[in-house]
Amino acid sequence: MLGSFGGLFAARALAPGGADGPTPAGLTAIALVVAGLAAGAAAGGASAFAVERAAYRPLRRRGAPPLAYLISAIGASLFAYNLAGKEFGRQSVPVPELFTDGPVLSVGSVALSTQSALIIGVAAVMLLGVDWLVSSTRFGQAVRAVAQDAQTASLMGVDVEKIITGTFVLGGLLAGAGGFLYAMTFNASYTMGFVPGIKAFTAAVLGGIGNVRGAVLGGLLLGLLESYGGYLLDASYRDVIAFGVLVVILLARPAGILGARAVRAA
Amino acid sequence: MRATVGASRSGAAPAARAGARAATGPCVLGLLAAIVTGPRGDGDHPWRGVERSVLGPRIAVFAVLVALLVGARTPAGRVSLAGLAAAARRRLTPLAPLAPLALVPAGARADARAPGRAWTARRAGPGAALVLAALAPLAVSRAGQQSMVNDIGLYALLALGLNVVVGCAGLLDLGYVAFFAIGAYTTAYVTSPTAMPWHAPFTVNPFLAVPFAVAAAALAGVVLGGPTLRLGGDYLAIVTLGFGEIVQLLANNAGGITGGARGVFGVPPLSVSLPGLHYAWGLAPLPYYYLLLGLVTVVMVVFGRLEAAPLGRAWAAVREDEFAAGLTGVRTVRAKLAAFAIGASVSGFAGVLYASKQFFNPDSFSLQASILVLTLVVFGGRGNRWGVLLGVVVLQGLAYALRGIVPPPDRYIYFGAVIVAMMALRPAGLVPAPVGRALPRSGPPVVPAQPGPAVPDPAVTT
């Protein structure tokens, strides 16, 4: 799935209607941010749906080997983000300033900017939402059933195809909203999704695949490792440290930090 | 929620709805094709390209295509298509005996059937392929030859090496290009006093750098593989990905050791210097091409032998069911380690050739390069070295063919579309690996199956 998300970021990058002129304030600013998040999520969800239809469903129908899915996802990602590059231009596009960024909270010498507060807040909402969705709803139950054993789940009356599409769209929604936040800080460009896609995959593996809380822990850990690693050594080595620690952690806990002990590899 | 049984719906559905369903796919495809080939937009006018693609007069072309596709999917269209296909098959029947030549893994079958004819039958296909490969560069321009060296020859070596890891042993390696980098940098250390910030106490001809580079890459493969091969699937993939990233980042940033982002200049070209024979490979692509062709041939032959050897059979066993393989006495860790080391060696070897083309920089060793090699392997048909070769030629050839027609970055749109279509239509690759071919059959020779439609290899789905 890493590949498919790569393409999604670019697709939704320009979805928010940019407001030119003076930086909006107050309610307008909030409305704009919410609209941007919603538009990003909608575009992400729609592209995830399309990717699932085009690149995954035909393979599932034919019972393709797992590697074929990975390659198909890479192909879809190449297609999507380069098409976005063709349509939206290959220069990076800044997201217009939606609010005046400044410190909202300071503890000692550390200030929390509005931007960071926004990102943390949205992440927390999404995290709680997904955790609730997966653990306590009928949909979440079906998702977990399909993940464990798709055939048995279908015998129990779960519409496997629908559930798979649903998880794709859900992933796309989250990635799209995340992409909007990312673009607010780093601008939008057609290749912007690749590295975050890889990092997201890394974080999920680090925490333990199939575990929402593990994914959050993995993401936090990866981010902290990168920041402190870059600070302690040289900024250009931050990825070396992040990946080095990843390798070491996986050697010690092959199923990820919070991952269940792997049953026999199926 | 209700159980989905795909077939139960279609029969009773009203004709109009069935028609609409049949038309959706082609319509979406047509629209996409129109947008892909249409005018471009930019950041300030994000929808202009799409608008002009869809509303312009050229949409008519795609509308006709859609109509044809929809027509082909109606019951009447299916009947006439089936008729066409049957006619084509009848016409092609005289050529049927040639089919195994095209797909080449005929060797083992020919052996079983007619030992007397075996030698010619086994050699004819590969021989024809070799002759074709030797003549092909004479028919293309110099730029084409250059591309045949850089994009096809080198990548063929890389893909064949990765095929051992991914195709034969079934291990997913996303950092494969790291070994290529290790080979290239090792070459720079031992061949040139100026290319790197420091160099080995001796300098040798690039050909003599091969053992150093291969040893360094194989050692790296064993060091990485030793502790990581007990991880499975996604986890192995992510560890190898991390390793690949680390190697590239070190190449880029550790200026004091690797020369950093500016790259490496001044590795001497390959040369042969014997009494009575002196030759140096210069900038011309053709000599490099024939050198690569020879090396690919050697690798193909060696790997062909390897697949039938005990090690190759151990790989097949590990790939199909590691647990069962271990129970039947296969030393699974050793077999996987051997696959890793052999794959890494081939990659390191390719690194020598790459370095001796005088200049390289760390950009060549990116994750994208690893993914490209993996794509070539899976596209061609992992586990089947002929398929892998064909995959390299087809995909890289496509990239080259699109070079003049569309702007270079746009090529990847078509590249991606071809990959997705390929995986949807033939998930096991262009030339799927035959099931169980590596295992010797005891008892009377079995009558070989007629070459028929590709069956996805069920063994690899584990």
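Bear in mind the structure is a predicted one, so any value in this text is a computation, not a measurement. (Residues numbered from 1 in each chain as written. Chains lettered and ligands numbered in written order. Predicted model: local features only at pLDDT ≥ 70, side-chain atom pairs only at ≥ 80, totals over all residues. Heavy atoms only, no water.)

K.L.:
Could you give me a rundown of the overall build of chain B, with the residues and numbers involved?
P.N.:
Summing up its helical and strand segments, chain B has 20 helices and four strands in all. The burial tally for chain B puts 45% of its 462 residues in the buried class. Intrachain contacts of chain B at a sequence separation of at least 6 include 72% that bridge at least 24 residues. (Helix = DSSP H or I, 4+ residues; strand = E, 2+ residues; numbered from the N terminus. Buried < 20%, exposed > 50% of the residue type's maximum accessible area, 1.4 Å probe, protein only. Contact = heavy atoms within 4.5 Å.)

K.L.:
Just give me the short version of a nonpolar patch on the surface, but keep the residues and values in it.
P.N.:
On the surface, A:Leu224, A:Tyr228, A:Tyr231, A:Leu232 and A:Leu233 cluster together to form a nonpolar patch covering roughly 650 Å² of accessible area. Within the secondary structure, A:Tyr228 is located in helix α9 (residues 212-232). (Patch = residues over 30% accessible without salt bridge, like charges linked within 9 Å, V, L, I, M, F, W, Y side chains within 5 Å. Areas by Shrake-Rupley, 256 points an atom, 1.4 Å probe, with all protein chains shown as cover. Salt bridge = Lys/Arg side-chain N within 4 Å of Asp/Glu carboxyl O.)

K.L.:
Requested: an account of the interface of chain B and chain A, with residues and values cited.
P.N.:
Tallying the contact residues gives 63 residues for chain B and 57 residues for chain A. Between chain B and chain A, roughly 5,200 Å² of surface is buried when both sides are summed, and carbon and sulfur atoms account for 72% of that area. In this assembly, chain B and chain A are joined by zero salt bridges. Scanning the region where chain B abuts chain A turns up two residue pairs in polar contact (both at pLDDT 80 or more). Residue assignment for the side of chain B that touches chain A shows that the elements contributing at least two residues are α2 (15-37), α3 (48-55), α11 (206-228), α12 (233-253), α18 (367-380) and α20 (411-425) of chain B. Among the elements that make up the side of chain B that touches chain A, the one with the highest residue count is α12(B) (11 residues). (Buried area = accessible area lost by both parts, 1.4 Å probe. Polar contact = N/O pair within 3.5 Å; in protein donor to acceptor, adjacent residues only side chain to side chain.)

K.L.:
Kindly report on the pairing of strand β1 (residues 103-107) of chain A, identifying the contributing residues and their values.
P.N.:
Residues and elements named next belong to chain A. In terms of residue burial, β1 counts as a barely covered element, since only zero of its five residues are buried. Two elements, β1 and strand β2 (residues 110-113), share four bridges in a ladder whose sense is antiparallel. Opposite leucine 105, over in β2, you have leucine 112 as the bridge partner. The antiparallel hairpin formed by β1 and β2 contains two residues in its connecting segment, where glycine 108 sits at a positive phi of about 60 degrees. (Pairing = 2+ DSSP bridges.)

K.L.:
Tell me what's going on with the nonpolar core, and back it up with residues and numbers.
P.N.:
One finds B:Phe179, B:Phe360, B:Phe365 and B:Leu374 to be the most contacted residues of the largest nonpolar core, which totals 144 residues. Per element, the largest residue contribution to this core is 15 residues, and it comes from helix α9 (residues 142-168) of chain B. Residues in contact with B:Phe365, not counting those within four places in the same chain, are B:Val177, B:Phe180, B:Ala181, B:Ala184, B:Tyr185, B:Gln248, B:Tyr354 and B:Phe360. Membership of the second largest hydrophobic core comes to eight residues, among which are A:Leu37, A:Ala41, A:Val122 and A:Ala177. (Core = buried A, V, L, I, M, F, W, Y, C linked by side-chain atoms within 4.5 Å.)

K.L.:
Describe the packing of α11(B) against helix α17 (residues 332-355) of chain B, naming the residues involved and giving the relevant values.
P.N.:
Residues and elements named next belong to chain B. Two elements in contact, α11 and α17, have axes whose closest approach is 7 Å; the angle formed by their N-to-C orientations is 145 degrees. Between α11 and α17 lies a crossing of right-handed hand. Between α11, through Pro206, Ala209, Val210, Ala213, Val214, Ala217, Ala218, Gly221, Val222, Leu224, Gly225 and Gly226, and α17, the contact on the second element is made entirely by Leu337, Phe340, Ala341, Ala344, Ser345, Gly348, Phe349 and Val352. (Axes fitted to C-alpha atoms, helices over the stretch in contact; angles between N-to-C directions. Left-handed = near helix turned anticlockwise from the far one by under 90°.)

K.L.:
Kindly report on the pattern of salt bridges, identifying the contributing residues and their values.
P.N.:
Overall, the coordinates contain seven salt bridges over all chains when judged by the stated rule. Between B:Glu307 and B:Arg385 there is a salt bridge; the shortest N-O distance is 3.9 Å. Of this pair, B:Glu307 sits in helix α14 (residues 285-308) while B:Arg385 sits in helix α19 (residues 385-402); the two residues are 78 residues apart in sequence, bridging distant segments of the chain. A salt bridge links B:Glu322 to B:Lys336, with the nearest nitrogen and oxygen atoms 3.0 Å apart. Here B:Glu322 is found in helix α16 (residues 322-327), whereas its partner B:Lys336 is found in helix α17, with 14 residues between them in sequence. A relative accessible area of 38% places B:Glu322 in the partly exposed class. In the salt-bridge network here, residues are joined through shared partners; they are A:Glu52, A:Arg57, A:Arg60 and A:Glu161.

K.L.:
Describe the packing of aromatic side chains, with residues and values.
P.N.:
All names here are of chain B. By the definition in use, this model includes 13 aromatic pairs over all chains. For the ring pair tyrosine 176 and phenylalanine 179, a centre distance of 6.4 Å and an interplane angle of 70 degrees mean the geometry is edge-to-face. The same class applies to tyrosine 176 and to phenylalanine 179, which are both buried. One aromatic cluster in this structure is built from Phe180, Tyr185, Tyr354, Phe360 and Phe365. (Phe/Tyr/Trp six-rings, centres within 6.5 Å; stacked < 30°, edge-to-face > 60°.)

K.L.:
Hey, could you go over the packing of α18(B) against α19(B) for me, with residue numbers and the actual values?
P.N.:
Residues and elements named next belong to chain B. Running from N to C, α18 and α19 cross one another at 115 degrees; their axes reach a closest spacing of 7 Å. In this structure, the crossing between α18 and α19 has a hand that is right-handed. Residues Leu372, Thr375, Leu376, Val377, Phe379 and Gly380 of α18 lie in contact with α19, whose contacting residues are Gly387, Val388, Gly391, Val392, Val394, Leu395 and Gln396. The class makeup of the residues in the contact of α18 with α19 is eight nonpolar, five polar and no charged. (Nonpolar A, V, L, I, M, F, W, Y, C, P; charged D, E, K, R; others polar.)

K.L.:
Which residues make up the environment of B:Leu291, and what are the values?
P.N.:
Its place among the elements puts B:Leu291 in helix α14. Considering only alpha carbons, one finds B:Leu291 and B:Trp281, 10 residues apart in sequence, at a separation of 9.4 Å.

The values reported here are purely geometric and, on their own, carry no functional implication.
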